[in-house]
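# Close look at the chain arrangement
Read off the chains here:
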Amino acid sequence: MRPSTLRALKRAAELTRQNRLTEAVLIAEPVILAADSYEGDEILRWLADHVTDFTGETAEETP
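Our subject in this report is the structure included herewith. Because the structure is predicted, anything quoted here is derived from the model rather than measured.

## Observations concerning unusual backbone geometry
Although it is not a glycine, Asn19 adopts a positive phi angle of roughly 60°. If you trace the backbone, Asn19 turns up in the loop between α1 (3-17) and α2 (21-34).

Below, the structure is given as structure tokens:
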């Protein structure tokens, strides 16, 4: 994944935790839509592996 894509995803996660969803989407959507199929697969894996980055939850908090 390109470094700029990863930065955008991390920033979107930070904004989501701050309840700034509209801004998060404005940052993440363009890089997701511009990704080729290879990078798109990497993005999907990263999102699946980093769900708690968006929710702010930790393993101890989940029932």
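## Observations regarding α2
Here α2 contains 14 residues, and its C-alpha end-to-end distance of 20 Å stays within 8% of the 20 Å for a straight helix at 1.5 Å per residue. Ala28 marks the point of greatest bend in α2, at about 30°, and the proline Pro30 comes within the next four residues. Taken as a whole, α2 has its buried residues at Ala24, Ala28 and Val31. Buried positions along α2 lie against α1 and α3 (37-49).

## Points about the side chain of Glu39
Looking at where Glu39 falls in the secondary structure, it is placed in helix α3. The buried category is assigned to Glu39, whose relative accessible area is 6%. Setting aside chain neighbours within four positions, we find Glu39 in contact with Met1, Arg2 and Thr5.

Criteria and thresholds
Per chain, residues are indexed from 1 in the order of the written sequence. In view of the model being predicted, local features appear only for residues whose pLDDT reaches at least 70, and side-chain atom pairs are presented and counted only at 80 or more, with totals across whole chains, interfaces and linings using the full set of residues. Where side-chain values are given, they derive from all heavy atoms of the structure, hydrogens and water being excluded. Helix and strand definitions follow DSSP, with helices as H or I runs of at least four residues and strands as E runs of at least two, each counted in order from the N terminus. Multiplying one less than the number of residues by 1.5 Å gives the expected span of a helix. The angle separating two fitted axes, one through the seven residues that finish at a residue and one through the seven that start at it, defines the bend at that residue. Only protein chains enter the accessibility calculation, which uses a 1.4 Å probe; a residue whose area is less than 20% of its type maximum is buried, one above 50% is exposed, and one in between is partly exposed. Between two residues, a contact is recorded if the distance between any of their heavy atoms is within 4.5 Å.

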